[in-house]
Amino acid sequence: FLGGAIKIYCSVLNACIVKKKMTPKQKQRFILVSLLVVGIGSGIGLVLMALNENINLFFTPSQVVAGEVPPDQRFRIGGMVTLGSVEKLNGELTVLFKLNDSVKEVQLKYAGILPDLFREGQGIVAEGKLNENGLFIADQVLAKHDENYMPPEVQHALKVSGGDYYKKETTK
């Protein structure tokens, strides 16, 4: 793609310089402006590409079950750890658990040390990818830091879904 753009640029540059009989000052300005446009365009393209790769979207378990998650994309999922769902694999740091928004639930797998505040019935946000079997493979798990705090995305998602966990949290 870039090679073709350079060939087109050179042919346009050659046609403008040869056929229009540009003065040396006009040639210099034309080349400077052309290089400036190409440089700024390349810079904007690189910035947009970097931003696109680093974006982390937030989804609820209901959205994940409904298939709203783009394939092969990292995202964040938030909700409440389902009571009785935490299962630690023997001899490993790997933990399987379910996350729900009081409507739907998603199975998660995390290999690593869980936060101290992680427990069943707790609001968490996990970051990772969904595999082909519908299992969310988490790279990072974040738990709320005190009994009154809930991540804003989780709080909003539970409120919208009409989850009873949200009502319990706000009526304390």
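As the structure is a prediction and not an experimental result, all values here were calculated from the model.

Summing up its helical and strand segments, the chain has five helices and seven strands in all. Ordered by position from N to C terminus, the α and β elements of the chain give α-α-β-α-β-β-β-β-β-β-α-α. Per-residue burial over the chain gives 30% buried out of 172 residues. Taking contacts inside the chain between residues at least 6 apart in sequence as the whole, the part at least 24 apart equals 47%. When the accessible surface of the chain is totalled, it reaches about 11400 Å², and 59% of it is carbon and sulfur.

With that settled, the discussion passes to a nonpolar patch on the surface. Taken together, the side chains of Leu 36, Ile 40, Ile 44, Val 47, Leu 48 and Leu 51 make up a nonpolar region of the molecular surface, amounting to roughly 600 Å² of accessible area. Within the element layout of this structure, Ile 40 appears in helix 2 (residues 24–53).

Enumeration according to the criterion identifies three salt bridges in this entry. Put simply, Arg 74 and Asp 139 hold a salt bridge, and the shortest N to O gap is 2.2 Å. With Arg 74 in the loop between helix 3 (61–65) and strand 2 (75–81) and Asp 139 in strand 7 (residues 136–143), the pair connects residues that are 65 residues apart, well separated along the chain. With a closest N to O distance of 3.7 Å, Glu 105 and Lys 98 form a salt bridge. Judged by relative accessible area, which is 37%, Glu 105 ranks as partly exposed. Classification of Lys 98 by relative accessible area gives partly exposed; the value is 31%.

Our next topic: the side chain of Ser 85. Among the secondary structure elements, Ser 85 is positioned in the loop between strand 2 and strand 3 (87–88). Using a relative accessible area of 13% as the deciding quantity, one classes Ser 85 as buried. A polar contact of 3.1 Å, which involves the side chain of Ser 85, links it to the backbone nitrogen of Lys 98. Non-local contacts of Ser 85, meaning those with residues more than four positions away in its chain, are made with Leu 96, Phe 97, Lys 98 and Glu 120.

Attention shifts here to the side chain of Thr 82. Inspection of the secondary structure puts Thr 82 in the loop between strand 2 and strand 3. In this structure Thr 82 touches Lys 98, Leu 99, Asn 100, Glu 105 and Glu 120, once residues within four positions along its chain are discounted.

Okay, the environment of Val 64 next. For Val 64, the location among the structural elements is in helix 3. Beyond its immediate sequence surroundings of up to four residues, Val 64 is in contact with Phe 59, Val 69, Phe 75, Ile 77, Val 106 and Leu 130.

Let us now look at the confidence of the model for the chain. The predicted model of the chain has a mean per-residue pLDDT of 80, with 77% of residues at 70 or higher. Here helix 5 (residues 164–170) is the element of the chain with the lowest mean pLDDT, 47, and strand 5 (residues 105–111) is the one with the highest, 93. Note on residues 166–172: pLDDT is under 50 here. Beyond four places in sequence and across chains, it has seven contacts.

What counts, and at which threshold
Positions within a chain are numbered from 1, following the residues in the order the chain's sequence is written. Given that this is a predicted model, residues contribute local features only at a pLDDT of at least 70 and side-chain atom pairs are listed and counted only at 80 or more, while totals for whole chains, interfaces and linings are drawn from all residues. Hydrogens and water are ignored here; the side-chain numbers use all heavy atoms of the structure. Helix numbers and strand numbers start at the N terminus; a helix is a DSSP run of H or I with at least 4 residues, a strand a run of E with at least 2. Any residue under 20% of the maximum accessible area for its type is buried, any over 50% is exposed, and the rest in between are partly exposed; the area is computed with a 1.4 Å probe on protein chains only. Whether two residues touch is decided by their heavy atoms; if any such pair falls within 4.5 Å, the residues are in contact. Residue-level accessible areas treat just the shown protein chains as cover; the underlying method is Shrake-Rupley with a 1.4 Å probe. What makes a patch is a set of residues exposed beyond 30% relative accessible area and free of salt bridges, joined within 9 Å when like-charged and within 5 Å when nonpolar (Val, Leu, Ile, Met, Phe, Trp, Tyr). Salt bridges are defined as contacts in which a side-chain nitrogen from Lys or Arg sits within 4 Å of a carboxyl oxygen from Asp or Glu. We define a polar contact as two N or O atoms separated by no more than 3.5 Å, with the added condition that, inside protein, one atom must be a possible hydrogen donor and the other a possible acceptor, whereas residues neighbouring each other in sequence contribute only through side-chain atom pairs. You can read pLDDT as the predictor saying how much it trusts each residue, on a scale of 0 to 100.

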